[in-house]
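The primary structure of each chain is shown beneath.
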Amino acid sequence: IGGRKGAVAQCVVWPAGAEGPVGATASGALFELDFERGVLGEPVDSGGGAVWALDAAAESAISAACEDGSVRRFEGLQYVSREAVIPGGRCVSLCGGAAYAGGDDGSIRQLRPSRASVRSPEPESIVWALALGERSLVSGDSKGRVRAWDRETRLLCAEFARHAADVLCVSLRSERLFASGVDSKIVEFSLRGLDLVAGRAHRAHASDVSALCVVGDDLLVSASPLEAKLCTYSLNGFSRTRPKRHFFYPSLLALDGEALAVCVRADRCRLWTAS
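Caption draft 1: Seen up close, the overall build of the protein. The helix and strand inventory of the protein stands at zero helices and 28 strands. Put simply, 34% of the contacts in the protein that link residues at least 6 apart link residues at least 24 apart.

And the structure:
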């Protein structure tokens with residue numbers, strides 16, 4: 001899909017059963033992505049400023065974490081309601097169909113089924129990422145910490161500081177947890193009940209990793225907004241195998257001493273020689 005000026009996607013979510021994903025921008029616009037026609041839909045204003053995160057609860061129910069500290073609810077792109085979550089601050093992360101929200105004041109708020117505070121505001125801390133487990137809530141913050149919280153008691157159960165800078169994204173599948181961020185290191189954790197056990201780490205990117213996603217039963221995908229590539233990892237072989245790199249542009253290889261160059265694309269290979 002070709003881009004549109006002023007419509008750089010800050011976040012994207014694909015609700016289960018929906019025809020296509022929905023994106024949102026730092027300028028506060030939400031839009032649908034139509035891959036069949038290869039176009040972006042007409043933008044809709046969030047009403048709350050920049051959208052920092054999106055989460056999907058049902059086929060068309062979308063929640064947006066907004067600059068004004070609110071969570072805005074939409075059906076498709078039709079505005080439904082607003083919840084004030086972070087007074088005087090920004091709401092920057094969501095999870096569980098927007099049952100939980102994190103803020104730039106270091107707090108974590110439970111929104112569904114009832115309102116409650118999981119984590120009180122913490123100075124100089126931003127909760128950039130949240131993920132929901134069977135019994136736990138996992139958070140990643142600006143102090144490089146990955147934390148596990150008991151959803152029932154809302155108490156901190158485990159904490160690791162394996163990252164040298166902000167943790168921007170976490171992805172949880174069953175008992176496997178992956179975290180990454182500004183230091184570009186992707187760390188594996190085992191979530192055993194309410195306890196975290198750190199495992200192997202990879203560094204396939206050279207800059208911030210802002211997105212992690214588990215696909216199917218044996219694939220983890222990572223992306224950096226500053227690099228034109230995706231990296232994939234085998235879940236079953238994460239500790240034994242190296243990640244694979246997938247570039248958005250053709251790779252170019254120079255053959256030293258032969259005055260030759262090879263340009264490799266997905267469906268063809270071109271060879272040049274100096275004469």
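Caption draft 2: Main features of the environment of Glu42. Topologically, Glu42 is positioned in the loop between β4 (39-40) and β5 (44-45). Setting aside its immediate chain neighbours within four residues, Glu42 contacts Leu30, Phe31 and Leu77.

Caption draft 3: Broad picture of the layout of surface pockets. As a volume, the largest pocket reaches approximately 2,000 Å³. Only β1 (9-13), β6 (51-56), β10 (91-95), β14 (127-132), β18 (167-173), β22 (211-215), β23 (219-223) and β24 (229-233) provide two or more residues apiece to the lining of the largest pocket. If you tally residues by element for the lining of the largest pocket, the top one is β18, at six residues. Considering only residue class, the lining of the largest pocket consists of 34 nonpolar, eight polar and four charged. Its volume calculated, the second largest pocket comes out at about 360 Å³. Contributing to the lining of the second largest pocket are 20 residues, with Glu19, Gly20, Pro21, Glu32 and Leu33 lying nearest its centre.

Caption draft 4: Looking closely at the sheet that holds strand β20 (residues 186-192). Sheet architecture is open: four strands sit in the order β18-β19-β20-β21, paired in antiparallel fashion. Looking at the sheet topology across the chains shown, the edges are occupied by β18 and β21 (195-202). Recorded for the sheet is a direction-independent mean angle of 25° between the axes of neighbouring strands. For β18 and strand β19 (residues 176-181), the ladder comprises six bridges, and the chain directions are antiparallel.

Caption draft 5: Examining empty space enclosed by the protein more closely. Inspection of the entire model under this criterion finds one cavity of 30 Å³ or more. Sorting the residues of the lining of the largest cavity by element identifies β15 (136-141) and β16 (146-150) as the ones contributing at least two each. Per element, the largest residue contribution to the lining of the largest cavity is three residues, and it comes from β15. Of the residues contributing to the lining of the largest cavity, the split by class is three nonpolar, four polar and five charged.

Caption draft 6: Spatial organisation of the environment of Pro43. Among the secondary structure elements, Pro43 is positioned in the loop between β4 and β5. The class of Pro43 is partly exposed, set by a relative accessible area of 42%. Taking C-alpha positions, Pro43 is 4.7 Å from Phe31, a pair spaced twelve residues apart along the chain.

Caption draft 7: Highlighting the pattern of salt bridges. With the rule as written, the count across this model stands at 16 salt bridges. Between Asp68 and Arg82 there is a salt bridge, and its shortest N-O distance comes to 3.8 Å. Here Arg82 lies in strand β9 (residues 78-84) and Asp68 lies in the loop between β7 (61-66) and β8 (70-75), a separation of 14 residues in the sequence. The partly exposed category is assigned to Asp68, whose relative accessible area is 32%.

Caption draft 8: Looking closely at the sheet that holds β22. Taken in spatial order, the four strands line up as β22-β23-β24-β25 in an open sheet, and their pairing is antiparallel. The outermost strands of the open sheet, each flanked by one partner alone, are β22 and β25 (244-247). Ignoring which end each strand starts from, the neighbouring axes of this sheet average 25° apart. Bridge count between β22 and β23: five bridges; the pairing is antiparallel. Along β23, the bridge assignment pairs Cys213 with Val221.

Caption draft 9: Spatial organisation of unusual backbone geometry. Put simply, Arg112 and Pro113 share a cis peptide bond, and its omega is 0°. Residue placement: Pro113 occurs in the loop between β12 (108-110) and β13 (116-119). Of note, Arg154 is a non-glycine position whose phi angle comes to about 60°, a positive value. Assignment of secondary structure puts Arg154 in the loop between β16 and β17 (156-160). One non-glycine residue, Ser174, lies in the positive phi region at around 60°. As for its position among the elements, Ser174 is in the loop between β18 and β19.

Conventions used here
- In every chain, residue numbers begin from 1 and rise along the written sequence.
- Totals for whole chains, interfaces and linings use all residues, but because this is a predicted model, local features are given only for residues with pLDDT of at least 70 and pairs of side-chain atoms are given and counted only at 80 or more.
- Side-chain numbers come from the whole structure's heavy atoms, not from hydrogens or water.
- By the criteria applied, helices consist of DSSP H or I runs no shorter than four residues and strands consist of E runs no shorter than two, each listed in order from the N terminus.
- When checking whether two residues touch, look at their non-hydrogen atoms; a contact exists if any pair is within 4.5 Å.
- Buriedness for pockets is judged along seven lines, at least five of which must meet protein on both sides within 12 Å for an open set on the 1 Å grid over protein atoms alone, while cavities are sets there where a 1.4 Å probe fits but cannot get out, and lining residues have an atom within 4 Å of a point.
- Grid points are joined across faces, edges and corners, and a volume is the space filled by probe spheres set on the points.
- Throughout this entry, Asp, Glu, Lys and Arg are counted as charged residues, while Ala, Val, Leu, Ile, Met, Phe, Trp, Tyr, Cys and Pro are counted as nonpolar. The remaining residues, Gly among them, count as polar.
- Here a strand pair is declared whenever DSSP counts at least two bridges between the two strands.
- Axis geometry follows a simple rule: fit a line to the C-alpha atoms, using only the stretch in contact for helices, then measure angles between N-to-C directions, giving values from 0 to 180 degrees.
- Exposure classes here rest on a 1.4 Å probe applied to the protein chains alone. A residue is buried below 20% of its type maximum, exposed above 50%, and partly exposed in between.
- Definition used for salt bridges: Asp or Glu carboxyl oxygen within 4 Å of a side-chain nitrogen of Lys or Arg.

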